[in-house]
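Next come the chains, spelled out residue by residue.
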Amino acid sequence: MSKQRVLSGMRPSGKLHLGNLVGALENWKKLQEDYDCFFFAADWHALTTEYNSTESIQESIREMTTDWLSVGLSPEKCVLFVQSRIKEHAELHLLLSMITPLAWLERVPTYKEQQQEITNRDLSTYGFLGYPLLQTADIIIYKAHKVPVGIDQVPHVELSREITRRFNFLYAPVFPHPEPMLTEVPKVLGIDGRKMSKSYDNAIYISDPPQEIRQKVAQMFTDPNRIKRGDPGNPDICNVFAFHRVYSSPEAVEQVRVDCRRGAIGCVEDKKNLAENIVAYLTPIHEQRSRYLQNPCLVDEVLEDGCQRARLVASRTMEEVRAAMKIT
Ligand code: TRP
């Protein structure tokens, strides 16, 4: 039996942080064992908001791919590529735009939300409205069955199902219906207790050297009600504890839970232990990383090869699409 196809994309934001690792990459790493996986850098999607500062996007792709490879995404197990190098995505996006009612795009929740949130640039553009339609093209051009995404992206995958249904009905049954794949992931926050994000300056990066990780962990917020060392703490509301669950052994996690609750371990000591566990976890990743940094051509080769494999699939699909629409 052939494997089901999984596809996901990430906007190139440069070096990746532990939030990306816990939230997406760890999951991608598992999926590559059981599915036919396609993962790509969504650089055209980055343009929808960054159209006025495009100079760093290419370098960000390289940094992000270096991190992908360092954490263990394997070019032997999955296809790693760059969206803008597969022009077929643009052709399909254009063709789909002909059959997409405007109202379908206008009602996508991220559209209005982001327009309100991002106030430092004008997002009343055609490209921004079409963001989820481009995402639809990304997904269906590879005939993906499963799309691992965060909860905020589910409406986009749902839109792609609706478009798929419409295309298959109007022309010919070319596309399978893609499904969002939601996986339980541990929730870890930035060192200031907000969502971990580059723009909040609160992230621990995969590439941070050990000393920096120790410093950042030392700054992390803990249970705010715990003032003195002997006070009993509540691990369930503590971000440091959330990190322990990811990076410390099950026995250590249990020990921290008990010791924190009865005030037997102080937050300073607790954070020192956590920092060492994160450092240990990242050590082999850093080894891989320096290998890729010394040979940047390796990264280029992986992407070049991935793009070729992706292009082959995408161009076959486009032949079917053109035939179905009678524009051969
Ligand atoms: N929009 C996604 C995000 O911001 C990135 C993305 C682009 C994507 N195309 C995709 C994700 C296709 C899954 C499938 O995270």
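Keep in mind it's a predicted model, so treat the numbers as computed, not measured. (Residues numbered from 1 in each chain as written. Predicted model: local features only at pLDDT ≥ 70, side-chain atom pairs only at ≥ 80, totals over all residues. Heavy atoms only, no water.)

(A) Region of the structure containing the site of the ligand. Around the ligand lies a shell of 14 residues, among which His-45, Tyr-131, Gln-135, Asp-138 and Gln-153 are the nearest. With respect to the ligand, the side chain of Tyr-131 contributes an N or O atom lying 2.8 Å from a nitrogen atom. Take Gln-135: an N or O atom from its side chain is 3.1 Å from a nitrogen atom of the ligand. In the complex, the protein chains occlude 89% of the 360 Å² of accessible area that the ligand would expose alone. Contributing elements (two or more residues each) for the shell around the ligand: strand E1 (5–10) and helix H8 (131–140). Sort the elements by how many residues they give to the shell around the ligand and H8 lands first, with four residues. Classifying every residue of the shell around the ligand gives seven nonpolar, five polar and two charged. (Near = heavy atom within 4 Å. Polar contact = N/O pair within 3.5 Å; in protein donor to acceptor, adjacent residues only side chain to side chain. Areas by Shrake-Rupley, 256 points an atom, 1.4 Å probe, with all protein chains shown as cover. Helix = DSSP H or I, 4+ residues; strand = E, 2+ residues; numbered from the N terminus. Nonpolar A, V, L, I, M, F, W, Y, C, P; charged D, E, K, R; others polar.)

(B) Seen up close, the domain arrangement of the protein. The domain architecture assigned to the protein consists of domain 1 (5–187 + 296–325) and domain 2 (210–289). The centre of domain 1, based on its C-alpha atoms, is set 35 Å off from the matching centre of domain 2. On the domain 2 side, the residues contacting the 10 residues of domain 1 number 10 residues. Its largest share of buried area at the contact with domain 2, domain 1 owes to Leu-18, Val-22 and Ser-70, together 49% of the area lost on that side. Counting across the domain 1 and domain 2 interface gives one salt bridge. One salt bridge connects Asp-67 with Arg-289, and the closest N-O pair in it is separated by 2.8 Å. Across the domain 1-domain 2 interface, the total number found is two residue pairs in polar contact (both at pLDDT 80 or more). (Domains from an automatic or database assignment. Contact = heavy atoms within 4.5 Å. Buried area = accessible area lost by both parts, 1.4 Å probe. Salt bridge = Lys/Arg side-chain N within 4 Å of Asp/Glu carboxyl O.)

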